[in-house]
Amino acid sequence: QVQLVESGGGLVQGGGSLRLSCAASGSIFTIAVMGWYRQAPGKQRELVATITSGGNLNYADSVKGRFTISRDNAKNTVSLQMNSLKPEDTAVYFCYVKNKRAFYERDYWGKGTLVTVSS
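In this report, the structure presented in the accompanying data block is examined. (Residues numbered from 1 in each chain as written. Predicted model: local features only at pLDDT ≥ 70, side-chain atom pairs only at ≥ 80, totals over all residues. Heavy atoms only, no water.)

1. Considering unusual backbone geometry
1) Next: Even without glycine at this site, S84 takes up a positive phi of about 50 degrees.
2) Next: Residue position: S84 is located in the loop between β8 (77–82) and β9 (91–101).
3) Next: Residue classification places S84 among the partly exposed residues on the basis of a relative accessible area of 41%.
4) Next: Residues other than glycine seldom take positive phi values, yet A102 does so here, at roughly 50 degrees.
5) Next: Relative to the elements of secondary structure, A102 occurs in the loop between β9 and β10 (104–109).
6) Next: For A102, a relative accessible area of 66% gives the class exposed. (Helix = DSSP H or I, 4+ residues; strand = E, 2+ residues; numbered from the N terminus. Buried < 20%, exposed > 50% of the residue type's maximum accessible area, 1.4 Å probe, protein only.)

2. Describing the state of the cysteines
1) Next: The final tally for this structure, using the stated rule, is one disulfide.
2) Next: What pairs with C22 in a disulfide is C95, and their sulfur atoms sit 2.1 Å apart. Since a negative S-S torsion denotes a left-handed disulfide, the C22-C95 link at about -85 degrees is left-handed. Taken as a pair, C22 in strand β3 (residues 18–26) and C95 in strand β9 lie far apart in primary sequence, 73 residues in all. Both residues of the pair, C22 and C95, count as buried. (Disulfide = S-S within 2.5 Å.)

3. Some words on the pattern of salt bridges
1) Next: This structure, assessed with the given rule, holds seven salt bridges.
2) Next: In this structure, K98 engages D107 in a salt bridge whose closest nitrogen and oxygen atoms are separated by 2.9 Å.
3) Next: Using a relative accessible area of 38% as the deciding quantity, one classes D107 as partly exposed.
4) Next: Linked by salt bridges that have partners in common, R38, E46, R66 and D89 make up one network. (Salt bridge = Lys/Arg side-chain N within 4 Å of Asp/Glu carboxyl O.)

4. Structural notes on the environment of Y59
1) Next: Along the polypeptide, Y59 turns up in strand β6 (residues 57–59).
2) Next: Remark: the alpha-carbon pair of Y59 and W36, spanning 23 residues in sequence, is separated by 9.7 Å.
3) Next: Not counting residues up to four positions away in its chain, the partners in contact with Y59 are V48, A49, K64, F67, T68 and I69.
4) Next: Separated by 2.9 Å, the side chain of Y59 and the backbone nitrogen of I69 make a polar contact. (Contact = heavy atoms within 4.5 Å. Polar contact = N/O pair within 3.5 Å; in protein donor to acceptor, adjacent residues only side chain to side chain.)

Quick look at the structure:
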């Protein structure tokens with residue numbers, strides 16, 4: 001099992017910034033992918049950003065140029081710097097990791113942290 005602990009959510013005014021962090025611990029093999037997803041009220045969970053162990057990045061079009069994902073492979077942490085926040089960024093943000101070894105892989109999710117952006 002892998003445990004994920006998220007931090008950094010909260011309330012911010014539009015145009016402001018927040019930084020989310022997530023630390024993975026437990027039975028870690030290779031964390032092939034780390035990232036963030038979000039779910040707004042009444043909507044499906046959607047990709048925000050992911051980063052592979054090799055540093056390949058993937059961002060949702062809606063956050064490109066405003067959000068930056070980074071990870072520390074030695075510490076098994078991933079962070080999301082969110083700038084120029086908009087009310088439509090309001091959602092519960094979930095940390096995600098893909099734990100992998102040989103032919104085994106499993107996805108893990110954090111409990112989520114709420115980000116609220118006021119207009």
